[in-house]
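Notes for the structure review
Listed below are the residues making up each chain.
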Amino acid sequence: MDKTIKKIKLQDIGYGDFFEDNRNSTVDNNLTPARIIAEHKGLYILRNETSEFSAKITGKMMFTASSIEDYPAVGDWVLITIVDVGQVIIRELLPRKTVLIRKSAGKSDTQIIASNIDIAFIIQSPDRDYNLNRFERYLSLAESGNIKPVIVLNKTDLISASDIEIKLDELKTRFKNTDIYTTSTVTGKGIVDFKKNIKPGVTYCFIGSSGVGKSSIINMLISENLIKTGEISSYTNRGKHITTHRELFVLESGGLLIDNPGMREIGVVDSEAGIKNVFSEFHDLSKKCKFSNCTHMNEPNCAILEAINSGTLDKDKYDNYINLLKENEYNTLTKLEKREKDRKFGKFIKTAKKQIKKYKF
Ligand code: GDP
Ligand code: ZN
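Read on for an overview of the structure. Treat the numbers as computed from the prediction; the structure is a model and nothing was measured. (Residues numbered from 1 in each chain as written. Chains lettered and ligands numbered in written order. Predicted model: local features only at pLDDT ≥ 70, side-chain atom pairs only at ≥ 80, totals over all residues. Heavy atoms only, no water.)

**Some details on the pattern of salt bridges**
To keep things clear, this is the line we draw: When a carboxyl oxygen of Asp or Glu is within 4 Å of a side-chain nitrogen of Lys or Arg, the pair counts as a salt bridge. For every residue, the accessible area (1.4 Å probe, protein chains only) is compared with the maximum for its type, and the residue is labelled buried under 20%, exposed over 50%, or partly exposed between those bounds.
Following the criterion strictly, the structure yields 11 salt bridges and no others. For Lys287, the salt bridge goes to Asp284, with nearest N and O atoms at 3.9 Å. The exposure class of Lys287 is exposed, given its relative accessible area of 61%.

Structure, rendered in structure tokens:
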């Protein structure tokens, strides 16, 4: 079942002193480190020096887990024992150097999108919902997880050279200590410089709204023989064949990339509560609107619109506020849709099981 590939060093897939020090403090010397490159319904796909293989966590780990954060996530380093060929057990989760999390509305639980990402490319393009506030939000998200953010302004082919300069000036003024790259995947401008800063053994991710060009850039970083959509085929302990989607990729330059669906959803505002916090003055004022369901866009006697007109509230911040509210509404809708989909899938499974019983497959 194990897929033996070119032997590598653990450092090549992101291992380092931080993890080694923590590993040394564990009692059992027989445990060896491996990195999680995919997860599917409680089954993990791991990578070490010699191979890719599936593994499960111990029952003990499951029972002592007090929250979702105690379970391994993609990017994590874990300590394993190889019981037999095809039977690998995850014994311990090594402490995380960094973590990218997502808080969901109304839930105390946080969802771990990925661990041990060193650098997050925060990407926007001028034809999408480009704005500095959005950069700010993504930057704080990365920084709160200890991840270094780097700004990427993509699709520079769509704006004039002077507009690029204006945007760069704005960005440099607002985000003084952040590296900024400009790219165009259409003309290729800036791609060489961008590629140069991708270092072997360093773990990266891309964060940004849909349509800004994340996939396009990622495709340029992945070498031909490492087709990104490549599925991982594996067998479970019982010999059941499974396929999983790879979420950690080795780039042409030796850099490591984590990309998964959760990452794609990040940045859309996760909760109305989050918007209320950031825009408290808007939220407070909205209580004075005539209609309780006021959208603050065209209603009469809207306290927010009145404040905009009189200049007591900032128009740019207002625009951002409205955008985020809309985005949040959309996000909530898609969540409901997802739930509906899950419900239907559950039904499908039930029916399928009945059929199996009926026909005794
Ligand atoms: P993602 O949703 O962030 O992964 O974005 P995609 O990579 O799928 O790109 C969205 C659209 O933008 C596609 O139609 C791309 O061809 C286009 N696109 C990506 N990069 C550029 C660019 O640098 N310039 C222009 N003009 N279009 C781009
Ligand atoms: Zn209003």
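**Here we look at the sheet that holds strand β16 (residues 256–258)**
Here is the rule we go by: Pairing between strands requires that DSSP locate at least two bridges from one strand to the other. Only DSSP runs of H or I reaching four residues or more are called helices, and only runs of E reaching two or more are called strands; each is numbered from the N terminus. Where helices are involved, their axes are fitted lines through C-alpha atoms of the stretch in contact, as for all axes, and angles between N-to-C directions lie from 0 to 180°. Note on contacts: a residue pair qualifies if any of its non-hydrogen atoms lie within 4.5 Å across the two residues.
Ordered by their spatial adjacency, 6 strands build an open sheet running β11-β10-β9-β12-β16-β15, and the pairing between neighbours is mixed. Single-partner strands in this sheet number two, and they are β11 (180–182) and β15 (248–250). For this sheet, the mean inter-axis angle between neighbouring strands, taken without regard to orientation, is 30 degrees. Sheet analysis places strand β10 (residues 148–153) next to β11, joined by 3 bridges and oriented parallel. Bridged to Ile151 within β11 is Ile180. On top of the sheet, helix α4 (residues 161–174) reaches β10 and β11; it is set at about 165 degrees to β11, its chief contact.

**Examining the coordination of the zinc ion (ligand 2)**
Quick reminder of the rule: Water is absent from the atoms considered, so a metal site may look incomplete; donors are defined as N, O and S atoms within 2.8 Å of the metal, or 3.2 Å for Na, K and Ca. Tetrahedral means four donors with every angle between 85 and 135 degrees, whereas square planar (four donors) and octahedral (six donors) require angles over 155 degrees between opposite donors and between 65 and 115 for all others; sites fitting neither are termed irregular.
Taken together, Cys289 (SG), Cys294 (SG), His296 (ND1) and Cys302 (SG) make up the protein donors of the zinc ion (ligand 2), found 2.1 to 2.4 Å from the metal. Coordination geometry of the zinc ion (ligand 2): the 4 donor atoms subtend angles of 101 to 116 degrees at the metal centre, consistent with an arrangement described as tetrahedral. Counting gaps between the donor residues of the zinc ion (ligand 2) yields the pattern C-x4-C-x1-H-x5-C. Owing to a relative accessible area of 1%, Cys302 belongs among the buried residues under this scheme.

**Section: the site of ligand 1**
Where we set the bar: When at least one non-hydrogen atom of a residue lies within 4 Å of a molecule or strand, that residue is treated as near it. For the purposes of these results, a polar contact is taken to be a pair of N or O atoms within 3.5 Å, where, inside protein, one atom must be able to donate a hydrogen and its partner to accept one; residues adjacent in sequence count only when each atom of the pair is a side-chain atom. Methods summary: accessible areas were calculated by the Shrake-Rupley approach with a probe of 1.4 Å, and residue burial reflects only the protein chains presented. Three classes are used, and their members are as follows: Ala, Val, Leu, Ile, Met, Phe, Trp, Tyr, Cys and Pro are nonpolar, Asp, Glu, Lys and Arg are charged, and the others, Gly among them, are polar.
Close to ligand 1 lie 16 residues; Asp157, Thr185, Gly211, Ser215 and Ser216 are nearest. In this structure, Asp157 approaches ligand 1 through a side-chain N or O atom, which is 2.7 Å from a nitrogen atom. Between ligand 1 and the protein, one listed contact pairs a nitrogen atom with a side-chain N or O atom of Thr185 at 2.7 Å. Here ligand 1, which alone exposes 580 Å², has 69% of that area covered by the protein. Sort the elements by how many residues they give to the shell around ligand 1 and helix α6 (residues 214–221) lands first, with 3 residues. Residues that form the shell around ligand 1 fall into these classes: 3 nonpolar, 9 polar and 4 charged.

Structural measurements only, silent on function.
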